[in-house]
Every structure is written in C-alpha cells, then in structure tokens.
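Coordinate inspection notes
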Amino acid sequence: MKTLHIHIGTPKTATTAIQKFCADNNPVLNRKGYCYPDFSFDYGRVGKARNGHFLIGFLYDEDGNRCVDKEMQRISEVMQKIEELFLTYDHVILSDEDIWRFMDEDRTDLWKILKAEADRVGYQVHMIVYFRRQDQFLTSNWNQNVKGRIGTLCEELFDDFLEKVDKDVRLNYYEKLERVAAVIGKENITVRRFDKSKFVNGSIHSDFLSAIGLAMTDEYQITKGIWNLSLYGNTHEIKRAVNSLPALGDPGAQKFIKNRLMEFSNVSSKQYPCEMFSKEEAEAFLKNYEEGNRKVAEEYLHEPGGELFDLTVKDTEKWQKNNRYMDEDLARFTASVGVYLQKEYEDLKKENDALKKEVNRLKRDVEELFQFRENAKHPFRTMLSHIKRRFKKGN
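What this report covers is the structure whose coordinates are included nearby. (Residues numbered from 1 in each chain as written. Predicted model: local features only at pLDDT ≥ 70, side-chain atom pairs only at ≥ 80, totals over all residues. Heavy atoms only, no water.)

Here the focus is the packing of aromatic side chains. What the rule picks out here adds up to 20 aromatic pairs. Between Trp100 and Phe131 the ring centres are 5.4 Å apart and the planes differ by 70°, which places this aromatic pair in the edge-to-face class. Taken together, the residues Trp100 in helix H4 (residues 99-102) and Phe131 in strand S4 (residues 124-131) connect sequence positions 31 residues apart. No difference in accessibility class separates Trp100 from Phe131, as the two residues are buried. An angle of 35° between the planes, with centres 5.1 Å apart, marks the rings of Phe277 and Phe285 as tilted. Taking the relative accessible area as the measure of exposure, Phe285 reaches 7% and is therefore buried. (Phe/Tyr/Trp six-rings, centres within 6.5 Å; stacked < 30°, edge-to-face > 60°. Helix = DSSP H or I, 4+ residues; strand = E, 2+ residues; numbered from the N terminus. Buried < 20%, exposed > 50% of the residue type's maximum accessible area, 1.4 Å probe, protein only.)

Here's what the structure looks like:
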C-alpha cells in the first residue's frame, strides 16, 4: 500500500544525519519507488533537509505576528503536492525532529489531520521514532540548547533547566506513542532504540532504511561528517555563561564562540569526565519512566518482559560549577580566541600586503599611461625621445 513515512526524531538521535542521507540519496530512493521531497521552504535557520518542518513550522504576517491560518494553508498545499507525488511513487518520506515536541503543544491535532488526508487519498501513515534513555536525552537536549539556537540560547544551569522542562511532553514515551496509536494504529508505528549496538549493520543509515522497508546497498552514498557535536567537560558552562551577551544574537558571533570551545571540548572532557546527573540522581530519575519504557518494549518492539534501555548508570562524577579544572578551561578558551584572532590578523596582513603590491602596480601602469598620453600631445617631444633612444643604441 502507498505509505507516507514520517520520521519525527526524537531530537539528538542522529536526525540530521538521516535527513542528509535521504536528501543526498533521493535519486537512488526514487529508483526504488521512494521520494524524499524538497519543498524549499525558508524557516530561517531550519535546515533545508528537514522537509517535514512545514507540519509544525511557524509563519508570520506582515506585522510579525504568528499566523496560524497561513500555517494551515501551507500544510494543505503541501499535502496536495504529496498526493501528486503518490501518482509516481509508492512511498513518500518526511522528517523533522521537532514534531515529537510540537505534536503535543501547537499541533495537537496533527495526526488526525494526516490520517484524514491519508484516508481521503488512499495511503497509510507510518511513524518512525528513535528513543534514547530519558536521562541521556534530557542532558543532550540541554547541551544542544546551550550550544545554541539563535533566539533560544539557554542561560540556565542544568538543575534549573531540569526543574522547568515539561517532562510529560518530552519523556513519557509510552503515553505519547499511545496518543498517536489511537489515531494511526500501533501497527503503523516503528520504534527504534538510539543505540549503535542495536542498529541494523551497526549503522544509523542502514537502520533507517530498514525501518522504511529498504536495505543498504552500494548504490547509497554516505557523506562523512559529524553533526550536532555536544560540548563536554567545562565547555558547556563557558558557553552557557556567555549566552547572556547581546552579541550572541548574531549568527556569526554564535558560530565563532562555539567553534572556539569545540577546539578543546575533548581535552576538557578527558581532564574532567563528568555527567549532569550523579549516579544516584540518574537511577532515581529513570524510575519515573520504568513502567512506561517496559510497555514500549513489550507492545511496540514485541519483546515480552524486555527492557527498552540498558539501565546501567556509570558511577561518574556529577559536574560541579566550581570544579578545579575551570581555570584551565578558561585559559584554553582565551588562548583559542587569541590564536584564532592572531591567525586572522596574519591572513589579513598577507592579503593587505598583496593588495598594496597590486595598487602600486596599477599606479605605475597609470603613470605610464599618462606619460604616453603626454608625449602623444607633443609630437616634437615624442620624436626627440625616439631619436635619443636610437642614439643610445648606437643607431
């Protein structure tokens, strides 16, 4: 049956890598009856490969006010395009990690809209979601917020973030799955663990292909790269502290600071291996989701008595604000900024020297041109100069 596959994240589960893979290999997918369409909408800093963002993306009127009517109109228009794609392809794939959150906030009727459209046209809706253990997901999500999205830079310490975050919307995996299943059916939901040891062939790309009914072959190309690296050790705290600076609202400044911290993030991590939860805190936190996680394993992964995650928690030191390595990391940050600026200065100096040489060359050319024109205005002077040159040559 024709199928609309909707990959909804969750955040920090290699969603960007999956999206890039699908976009890069769309011609291969097309040959197999699949399509990863590019709708080319501009949602600011939202990546173009997030082709499902239209389902939850905000739109605004001329005065900068959010316009829900425009958002719903766009959804309707794109669903019409998807209907047309089904004339050529049996499978259409959409992906956006923010669907996991916004389907219980600004798009509470999303799955009903999609199901109604699918029933009208005659295809099925298939949801794919990757889960990581709740404590790890929340830590990674906070780290991502600190690392930065323009306009939503996190300035809160992790413990403060933990108190404020809507845990029901983010972390009750079973309850959220049940709400979707009530609309599209359990049989149309694929749950995957975000765990390399559980991936098909040990690869997130192979695993995702398997989730939509395909197998990895040599036809597919995988772009090497690492996306959404986290900040480790003390680097996240330095970034969190500078997020309050107004200058960090500029994308260039944001990228500059982030890249300087990334240069020594691994060094900081090795010197000060730490977690945002203590072992005891993580174990207590995970107890809140123990029953729901077990139901996910049993009802969605078909593993009676199974566990959704390995619940082993490493006995790693909990990060402390005034730890003894902070001064060294601040020194590294200062040095990283200084070295970068020094290199920029040297590059600019070389460029400036090259420009000076070019200006001097042009200046000489102009002077010679003016001299030629001056001589051309005085035939006698031109003739005299010609005679002098011939005389010097012995002619």
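If you walk through the whole model with that rule in mind, you get two cavities of 30 Å³ or more. Asp38, Phe39, Ser40, Phe41, Tyr43, Val46, Gly47, Lys48, Arg50, Asn51, His53 and Phe54 are the residues that line the largest cavity. Residue composition of the lining of the largest cavity, grouped by class: five nonpolar, four polar and three charged. (1 Å grid on protein atoms, 1.4 Å probe; cavity = no way out; pocket = protein on both sides within 12 Å on 5 of 7 lines; lining within 4 Å. Points joined across faces, edges and corners; volume = space filled by probe spheres on them. Nonpolar A, V, L, I, M, F, W, Y, C, P; charged D, E, K, R; others polar.)

Here we take up the pattern of salt bridges. Opposite charge on two side chains permits pairing when their charged atoms draw close. Scanning the entire structure with this criterion turns up 37 salt bridges. Between Lys186 and Glu299 there is a salt bridge; the shortest N-O distance is 3.4 Å. Placement of the pair is Lys186 in the loop between helix H9 (173-184) and strand S5 (189-193) and Glu299 in helix H15 (residues 290-299), with a sequence separation of 113 residues. Its relative accessible area of 31% is what places Lys186 among the partly exposed residues. As a salt-bridge pair, Asp207 and Arg192 come within 3.2 Å of each other at their nearest N and O atoms. Of this pair, Asp207 sits in helix H10 (residues 204-211) while Arg192 sits in strand S5, and the two are 15 residues apart along the sequence. Assessed through its relative accessible area of 1%, Asp207 is described here as buried. When salt bridges with common partners are traced through the structure, they connect Arg50, Asp96, Glu97 and Asp98 into a single cluster. (Salt bridge = Lys/Arg side-chain N within 4 Å of Asp/Glu carboxyl O.)

Among the nonpolar cores identified, the biggest contains 78 residues, and Phe54, Ile82, Trp111 and Phe131 are the most heavily contacted of them. With six residues, H9 is the single largest residue contributor to this core. Discounting chain neighbours no more than four positions away, the residues touching Phe54 are Phe39, Phe41, Tyr43, Arg74, Ile75, Val78, Met79, Ile82 and Leu94. (Core = buried A, V, L, I, M, F, W, Y, C linked by side-chain atoms within 4.5 Å. Contact = heavy atoms within 4.5 Å.)

Once that is clear, we can look at unusual backbone geometry. When glycine is set aside, most residues are seen to have a negative phi, and most peptide bonds are trans. Here Gly9 and Thr10 are connected by a cis peptide whose omega angle stands at 5°. At Lys12, a residue that is not glycine, the phi angle is positive and equals roughly 65°. Inspection of the secondary structure assignment puts Lys12 in the loop between strand S1 (3-7) and helix H1 (15-24). The backbone of Asn201 sits at a positive phi, close to 60°, despite the residue not being glycine. Looking at the element boundaries, Asn201 is found in the loop between S5 and H10.

What follows concerns the packing of helix H3 (residues 68-85) against helix H5 (residues 110-121). Where H3 meets H5, the axes come as close as 11 Å, and the angle between the chain directions of the two elements is 35°. Viewed along their axes, H3 and H5 form a crossing whose handedness is right-handed. Of the residues in H5, those touching H3 at Met72, Met79 and Glu83 are Ile113, Leu114, Glu117, Arg120 and Val121. Residue composition of the contact of H3 with H5, by class: five nonpolar, no polar and three charged. (Axes fitted to C-alpha atoms, helices over the stretch in contact; angles between N-to-C directions. Left-handed = near helix turned anticlockwise from the far one by under 90°.)

In this section: the layout of surface pockets. One number sums up the size of the second largest pocket: a volume of about 150 Å³. For the second largest pocket, the full set of lining residues is Met103, Asp104, Arg107, Thr108, Asp109, Leu110, Trp111, Lys112, Lys176, Arg179, Val180 and Val183. Only H5 and H9 provide two or more residues apiece to the lining of the second largest pocket. Sorting elements by how many residues they give to the lining of the second largest pocket places H9 first, with four residues. Taken together, the residues of the lining of the second largest pocket sort by class into five nonpolar, one polar and six charged.

Further remarks concern the sheet that holds S5. Sheet strands associate in pairs through backbone hydrogen bonding, adopting either a parallel or an antiparallel arrangement. Strand order in the open sheet made by the five strands is S2-S3-S1-S4-S5, with parallel pairing throughout. Strands at the two margins of the open sheet, each flanked by one partner only, are strand S2 (34-35) and S5. Where S1 and strand S3 (residues 91-95) come together, five bridges link them in parallel fashion. Pairing of His5 across the sheet is with Ile93, part of S3. Running over the sheet, H10 touches S1, S3, S4 and S5 and is turned about 150° from S4. (Pairing = 2+ DSSP bridges.)

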